Amino acid sequence: MTHDASILYARATEADIPAVVDLCMLVEAQHEAYWPLRWQRREGLREGYAHWLSRRLADARMLIAVAREVGTSAEPVVGALLATIEKEIPIYTYGEYALVQDMAVRETHRRRGIAQRLLADAAVWARGQGVNQLRLMVAAQNPTGRAAFEKAGFLQTYQEMVLPL
């Protein structure tokens, strides 16, 4: 993978939050299309995301990473990743793990290594938090996402199953 000098990677700022929320809404729409029983966008979701992310910008236990296109003003944030440190249930060996909550790259900027770089940066951040696992969930209906995560070194472990009631 070659380094794309036109993309700058950094922690998000308050000014980035609207663009990050836009990317998160793309992820939510994708989830809802896969299975509305599990994922239904509720009223106020966009505002909820903006509030949650703004509150957590300075939180060392949350990473809000962005990929910005250098030299443009139209859509400077072209990718984003949200990760948090989560507590494990107390029966397991390790007490905490890092979880990728959301990740998206604008369609116009895919296949340029942006997702791989965001995931690599998240892994570095997670190791710095003292955890030994970076986890995520990917929909069975998302073979492109699964391939990207496998390319980044993620291993399939369990398959989530849901019983509709």
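Rules used in this analysis
Residues numbered from 1 in each chain as written. Predicted model: local features only at pLDDT ≥ 70, side-chain atom pairs only at ≥ 80, totals over all residues. Heavy atoms only, no water. Helix = DSSP H or I, 4+ residues; strand = E, 2+ residues; numbered from the N terminus. Rg over C-alpha atoms; globule rule 2.2 N^0.38 Å. Buried < 20%, exposed > 50% of the residue type's maximum accessible area, 1.4 Å probe, protein only. Contact = heavy atoms within 4.5 Å. Areas by Shrake-Rupley, 256 points an atom, 1.4 Å probe, with all protein chains shown as cover. Lys, Arg positive; Asp, Glu negative; His and termini not counted. Charge placed at Lys NZ, Arg CZ, Asp CG, Glu CD. Pairing = 2+ DSSP bridges. Axes fitted to C-alpha atoms, helices over the stretch in contact; angles between N-to-C directions. Polar contact = N/O pair within 3.5 Å; in protein donor to acceptor, adjacent residues only side chain to side chain. Phe/Tyr/Trp six-rings, centres within 6.5 Å; stacked < 30°, edge-to-face > 60°. Lys NZ or Arg CZ within 6 Å of the ring centre and 35° of its normal. Expected span 1.5 Å × (residues − 1).

> Pulling in residues and values, what's your account of the overall build of the protein chain?
In terms of regular secondary structure, the protein chain is built from 4 helices and 5 strands. Starting at the N terminus, the α and β elements of the protein chain follow one another as β-α-α-β-β-β-α-β-α. For the protein chain, the C-alpha radius of gyration of 16 Å lies close to 15 Å, the compact-globule estimate for 165 residues. Across its three principal axes, the protein chain shows a C-alpha extent of roughly 50 × 35 × 30 Å. A burial count over the protein chain gives 38% of its 165 residues as buried. Relative to all contacts within the protein chain whose residues are 6 or more apart in sequence, the contacts with residues 24 or more apart total 64%. Accessible surface, the protein chain: about 10400 Å² in total, of which carbon and sulfur atoms supply 55%. When the 19 basic and 19 acidic side-chain charges of the protein chain are each reduced to a single mean position, those positions are 4 Å apart.

> For the sheet that holds strand β3 (residues 77-87), give the residues involved together with the corresponding values.
Strand order in the open sheet formed by 5 strands is β1-β2-β3-β4-β5, with mixed pairing between adjacent strands. Taken across any chain shown, the strands that pair with only one partner, and hence form the sheet edges, are β1 (7-11) and β5 (134-135). Pairing of β3 with strand β4 (residues 96-105) involves 9 bridges; the strand directions are antiparallel. Bridging from a neighbouring strand, Glu86 pairs with Tyr97 of β4. Helix-sheet contacts for helix α1 (residues 17-34) involve β2 (62-69), β3 and β4, and the interaxial angle to β3 is about 75°.

> Tell me about the side chain of Arg68, and name the residues and values.
Tracing the backbone shows Arg68 in strand β2. A polar contact of 2.4 Å, which involves the side chain of Arg68, links it to the side chain of Asp16. With near-sequence residues (within four places) excluded, Arg68 lies in contact with Ser6, Ile7, Leu8, Ala10, Arg11, Thr13, Asp16, Pro76 and Val77.

> Pulling in residues and values, what's your account of the packing of aromatic side chains?
To describe a pair of aromatic rings, one takes the distance between the centres and the angle between the planes. Evaluated as defined, the whole model comprises 2 aromatic pairs. Their ring planes at 70° and their centres at 6.0 Å tell us that Phe149 and Phe154 sit as a pair that is edge-to-face. Phe154 shares its class with Phe149; the two are buried. Above the face of the Tyr97 ring, Arg135 is positioned so that its terminal group lies 3.7 Å from the ring centre.

> So what about α1? Which residues, and what values?
Given 3.6 residues to a turn, an α-helix orients residues that are three or four positions apart in the same direction. Taking 1.5 Å as the rise per residue, α1 with 18 residues should run 26 Å; its terminal C-alpha atoms sit 26 Å apart, in good agreement. All buried positions along α1 are accounted for by Ile17, Ala19, Val20, Val21, Leu23, Cys24, Met25, Val27, Glu28 and His31. Those residues of α1 hidden inside the fold are in contact with α2 (45-56), β2, β3 and β4.

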